[in-house]
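Reading the structure
Single-letter residue listing:
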Amino acid sequence: MRSLCYLLPFLSFSAYAQEADTTQLKRGYTLFHPVPRELLRDVAPDRPGISQSAHTVDAGHFQLEADFVRLHREDEQQESRRQLMLADVTLKLGLTRTTDVQVRLQSWQRARVVPNPGNPEPGRTTRGVGDLTLRLKQNLFGNDAPHHHVLALSAYARLPTGQDVGAGRPEYGLAVPYEFDLNGSFDVEAQLEGESRWDRTSAQRELHLNHSLLADWRFGPAHRLEVFAEGAGFWNTTQRTYQATLNVGPAVYVAEAIRLDAGVHVPLTNQPRTREVFAGLSVRI
């Protein structure tokens, strides 16, 4: 009996490795010819960390990812920025077996700038609907092959629809997300990203290079429970500044296609020091 207990993890790993590869079965399905539900892959949201999933949404299906609430604070030498964001919504649509398109709307936010002691500048508060972001993700390999490396390209354009609370100018970026499923319950994700961003304070365009590494573990009854830990770094090549954060939190699958999550981002570097707390959900339709 004791020997059987020792063998269970290896038997479980073997069973996972022998799961069917549905790559060939899904060929031919498109936006107007949806993938049958029995062939759908697991929900793989981009939230809640910095790293995106390397998987796309199955052809002909929708996926909704949204913040219920997100609180953000950024402390610099001269001032502090505090943001409250509600209903930040991303809607994804699977176009083919390996391609999806995404639309993100920062539904409502309030931003406050609080001067630090000694700073003569007045504080200010802005409110309103944020920017609109369009994203296209292309999986390169591994989308439907179990226990394989998964790689994708993800490009976005952010449109300055938010006026006072938005970026103020168009922004663009390209990310390369990678994922490896170690077994049925543990996976590792990594991402490199380049961004062209607009800084409203200095009125100049900046180039950002970002990287992240995330570990994710699912456990409990039917693998409904999940915890994640992620380290992320952000290098502003224009201002020659670097900041890093640690992102941790839990998630729970209340149904096969409904996932709730929450978490916190804490700073690992100074100037600026950023903190976030958030809660949200992901739903496949």
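Quantities reported herein were computed from a predicted structural model and do not represent experimental measurements. (Residues numbered from 1 in each chain as written. Predicted model: local features only at pLDDT ≥ 70, side-chain atom pairs only at ≥ 80, totals over all residues. Heavy atoms only, no water.)

What to know about the packing of aromatic side chains
With the rule as written, the count across this model stands at 1 aromatic pair. Relative to Phe219, the ring of Trp217 lies with its centre 4.5 Å away and its plane at 25°, an arrangement referred to as stacked. Residue class for Trp217 comes out partly exposed when judged on its relative accessible area of 41%. On the accessibility criterion, Phe219 (26% relative accessible area) is partly exposed. In this structure, Arg70 is placed above the aromatic ring of Phe278, and the distance from its NZ or CZ to the ring centre is 4.5 Å. Positioned above the aromatic ring of Tyr253 is the side chain of Arg218, whose terminal nitrogen or guanidinium carbon lies 4.0 Å from the ring centre. (Phe/Tyr/Trp six-rings, centres within 6.5 Å; stacked < 30°, edge-to-face > 60°. Buried < 20%, exposed > 50% of the residue type's maximum accessible area, 1.4 Å probe, protein only. Lys NZ or Arg CZ within 6 Å of the ring centre and 35° of its normal.)

Points about the pairing of strand S9 (residues 204-219)
Across 14 bridges, strand S8 (residues 186-199) lies against S9 in antiparallel orientation. Pairing of Glu195 across the sheet is with His208, part of S9. Hairpin connection of S8 to S9: 4 residues between the antiparallel strands, including Ala203 at a positive phi of 55°. Examined bridge by bridge, S9 and strand S10 (residues 225-236) share 12 bridges and lie antiparallel to one another. Counted as the bridge partner of Ala215 is Ala229 from S10. Hairpin connection between S9 and S10: a loop of 5 residues separates the two successive antiparallel strands, and Gly220 in this loop has a positive phi of roughly 85°. (Pairing = 2+ DSSP bridges. Helix = DSSP H or I, 4+ residues; strand = E, 2+ residues; numbered from the N terminus.)

A closer look at the pattern of salt bridges
Applying the stated rule across the entire model yields 21 salt bridges. A salt bridge links Arg47 to Asp67; the shortest N-O distance between them is 2.8 Å. Of this pair, Arg47 sits in the loop between helix H1 (2-17) and strand S1 (62-75) while Asp67 sits in strand S1; the two residues are 20 residues apart in sequence, bridging distant segments of the chain. The exposure class of Arg47 is buried, given its relative accessible area of 11%. For Glu65, the salt bridge identified is with Lys92, shortest N-O distance 2.7 Å. Remark: Lys92 occurs in strand S2 (residues 79-94) and Glu65 occurs in strand S1; sequence separation between them is 27 residues. In this pair, the class of Glu65 matches that of Lys92, namely buried. Each of Arg47, Asp67, Arg70, Glu226, Arg259, Asp261 and Glu276 takes part in one network of salt bridges that share partners. (Salt bridge = Lys/Arg side-chain N within 4 Å of Asp/Glu carboxyl O.)

Note that all results are geometric; they support no functional claim without further evidence.
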